[in-house]
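# Coordinate inspection notes
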Amino acid sequence: FNLIAAVFVQFVMDSTRQRRKDERHAEQVHVSARLNDLLLKFATPVRGDSLQVVSWTSSITKMLSSNFGESSENLGQVSFRVTRPQFNMLINDPEVERLLDDLDIAMADRSELFDVLDADGDGRLEVQEVTRGLLKLRGSAEKSDMVACLLAVRNLQGMFVQFQDELQDLRHMTMTDKTLTDKSGEGDGLFIAGVSD
């Protein structure tokens, strides 16, 4: 009886594992196809052609299989740039809205999506920014996302305070050294941090 139960449990576990693997694969294929369609919509007004679409599909599929966008080296050969006016025109296209909904990109105000996706802040969206950003935006915000942002902001605040302190110390040292130089009457010599010229 124990052997039969063990075989049954193993069969159920293997079946569940295979079903989950199949579901993940189907989701990757679905996301890849929708993202490919969306990138085509973005690229067409910019490039005026759709010659790169074939390479996008395989590149996006490879990227999805490497942990949903952590690596975008596969998209290096694909390029386009979308400006804010082009993006605003595209974002109001019903087909683009449908694709974003299908990708589960939930934002109250999609006009803010440009600023979210423009990772380098240059005022243009490139294929890597669009792809990586959209993959990160899928689904609802997790508590871990909010905590990660809070921790990053706190770290930046600490770095800024440290920078202010160091700048203040440098300013104080410069003023002290200038006062010492002026009092010593050494002409036009500059005395900084114990070294004089």
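Rules of the game
Residues numbered from 1 in each chain as written. Predicted model: local features only at pLDDT ≥ 70, side-chain atom pairs only at ≥ 80, totals over all residues. Heavy atoms only, no water. Helix = DSSP H or I, 4+ residues; strand = E, 2+ residues; numbered from the N terminus. Buried < 20%, exposed > 50% of the residue type's maximum accessible area, 1.4 Å probe, protein only. Contact = heavy atoms within 4.5 Å. Areas by Shrake-Rupley, 256 points an atom, 1.4 Å probe, with all protein chains shown as cover. Arc of directions from axis to C-beta. Core = buried A, V, L, I, M, F, W, Y, C linked by side-chain atoms within 4.5 Å. pLDDT = per-residue confidence, 0-100. Salt bridge = Lys/Arg side-chain N within 4 Å of Asp/Glu carboxyl O. Patch = residues over 30% accessible without salt bridge, like charges linked within 9 Å, V, L, I, M, F, W, Y side chains within 5 Å.

Glancing now at the overall build of the protein. Across its full length, the protein carries seven helices and four strands. N-terminal to C-terminal, the α/β element order of the protein is α-α-β-α-α-α-β-α-α-β-β. Counting across all 197 residues of the protein, residues that qualify as buried make up 23%. Counting only contacts in the protein whose residues sit at least 6 apart along the sequence, the fraction spanning at least 24 positions is 62%. Approximately 13400 Å² of the protein is accessible, and the part contributed by carbon and sulfur atoms is 58%.

Here we come to the environment of arginine 110. Locating arginine 110 in the fold gives a position in the loop between helix 4 (94-102) and helix 5 (113-117). Taking the C-alpha atoms as reference points, arginine 110 and glutamate 97, 13 residues apart in sequence, are found 9.1 Å from one another. Apart from the residues lying within four places of it in its own chain, the contact partners of arginine 110 are Phe87, Ile91, Glu97, Leu100, Asp101 and Ile105.

Below, the discussion takes up helix 3 (residues 84-91). For helix 3, the set of buried residues is Phe87, Leu90 and Ile91. When helix 3 is viewed along its axis, its buried side chains cluster within an angular range of 95 degrees and face the same direction. Away from the buried face of helix 3 by more than 90 degrees, exposed residues Pro85 and Met89 are located.

On to the nonpolar core, then. One finds Leu38, Phe42, Phe87, Leu100 and Leu134 to be the most contacted residues of the largest nonpolar core, which totals 24 residues. Broken down by secondary-structure element, the contributors of at least two residues to this core are helix 1 (2-47), helix 3, helix 4, helix 5 and helix 6 (127-137). The residues contacting leucine 38, other than those within four sequence positions of it, are Val96, Leu99, Leu100, Leu103 and Leu134.

Turning our attention to helix 6. Because each turn of an α-helix spans 3.6 residues, side chains separated by three or four positions in sequence point in the same direction. Along helix 6, the residues that are buried comprise Val127, Glu129, Val130, Thr131, Gly133, Leu134 and Leu135. Positive backbone phi, at 80 degrees, marks glycine 139, one or two positions downstream of helix 6.

This brings us to the confidence of the model for the protein. Here the protein shows a mean pLDDT of 75. Residues at 70 or above account for 75%. The least confident element of the protein is strand 4 (residues 195-196), whose mean pLDDT is 47; the most confident is helix 4, at 87. Across residues 46-57 the pLDDT falls below 50, and counting only partners more than four positions away or on other chains, this stretch makes 25 contacts in the model. Long-range and interchain partners of residues 67-76, a stretch whose pLDDT sits below 50, account for 23 contacts in this model, where long-range means more than four residues apart.

It is worth spelling out the pattern of salt bridges at this point. Per the counting criterion, the structure on display carries nine salt bridges. Residue arginine 34 is joined to aspartate 102 by a salt bridge in which the shortest nitrogen-to-oxygen separation is 3.6 Å. Remark: aspartate 102 occurs in helix 4 and arginine 34 occurs in helix 1; sequence separation between them is 68 residues. The shortest N-O distance in the salt bridge between lysine 41 and aspartate 93 comes to 3.1 Å.

We now examine a nonpolar patch on the surface. Judged by side-chain polarity, Phe8, Val9, Phe11, Val12 and Met13 come together as a nonpolar surface patch covering roughly 500 Å² of accessible area. Relative to the elements of secondary structure, valine 12 occurs in helix 1. Accessibility expressed as a relative area gives 37% for valine 12, which makes it partly exposed.

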